[in-house]
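Report on the structure
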Amino acid sequence: MTREEKATVIEDLTAQLAENANIYLADISGLDATTTSNLRRACFKANIKLSVVKNTLLAKAMEASDKDFGELPEVLKGNTSLMLAETGNAPAKLIKNFRKKSDKPVLKGAFIEEAIYIGDENLDTLVNIKSKEEVIGDIIGLLQSPAKNVISGLKSGGGKLAGILKTLSEK
């Protein structure tokens, strides 16, 4: 690989790191062709971009990036695969589900919305992270509950002010 090719790869990786808020580093070495193909297919279905990267080039891309990756470059040893996703917990769920059949992929580290997770022991924590859409849904559900109580109080009060006040005060 020439210097120009390496510079191009570093630029591409830097752009990918800048565009994604959810970055996972995993080790998929040792998987046979069929298992690797199944992993790639599962990543495609889950809208996760999976690519095998050279550690030195990824480290340089991390340095060139505007993001603070903290200790994440230290895990760039051995084989490294880069997993990029729009949803913070999607790669973690995929890894956990995939490991029911195999001991790989192994989570090396993750960068989720500026939070850094190092090591495979953080997999369960990452699986439980809620996406923005899930949090907004929870908030809307919590806000709808009191509104439903008021509406049901208004309906059961018989339409008279005294009955409505009595029903609402009981709730």
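Here the residue numbers are simple positions, counted from 1 along each chain's written sequence. The predicted nature of this model means local features are confined to residues of pLDDT at least 70 and side-chain atom pairs, given and counted, to a pLDDT of 80 or more, with totals for whole chains, interfaces and linings taken over all residues. Excluded from the side-chain calculation are hydrogens and water; included are all heavy atoms of the structure.

- The chain carries the name Large ribosomal subunit protein uL10 in an unreviewed UniProt entry, which gives Flagellimonas lutaonensis as its organism.
- Check the Function (unreviewed entry) section of the UniProt entry for the chain; it says "Forms part of the ribosomal stalk, playing a central role in the interaction of the ribosome with GTP-bound translation factors."
- Note on the chain: under the UniProt heading Sequence similarities (unreviewed entry), the record states "Belongs to the universal ribosomal protein uL10 family." UniProt positions are given in the numbering used here, feature names are shortened, and annotations may be inferred rather than shown by experiment.

**Considerations on the pattern of salt bridges**
- A side-chain nitrogen of Lys or Arg and a carboxyl oxygen of Asp or Glu constitute a salt bridge if their distance falls within 4 Å. Per the stated rule, a full pass over the model turns up three salt bridges.
- With a shortest N-O distance of 3.3 Å, Asp27 and Lys104 are connected by a salt bridge. Placement of the pair is Asp27 in strand S1 (residues 22-27) and Lys104 in the loop between helix H4 (90-98) and strand S4 (106-112), with a sequence separation of 77 residues.
- Assessed through its relative accessible area of 16%, Lys104 is described here as buried.
- The shortest N-O distance in the salt bridge between Asp120 and Arg99 comes to 2.8 Å. Placement of the pair is Asp120 in the loop between strand S5 (115-118) and helix H5 (123-127) and Arg99 in the loop between H4 and S4, with a sequence separation of 21 residues.
- Think of it in three bands: residues with accessible area under 20% of the maximum for their type are buried, residues over 50% are exposed, and the middle band is partly exposed, with areas taken using a 1.4 Å probe on protein chains only. Accessibility expressed as a relative area gives 26% for Arg99, which makes it partly exposed. Note on conventions: DSSP H or I runs of at least 4 residues are helices, E runs of at least 2 residues are strands, and numbering of each starts at the N terminus.

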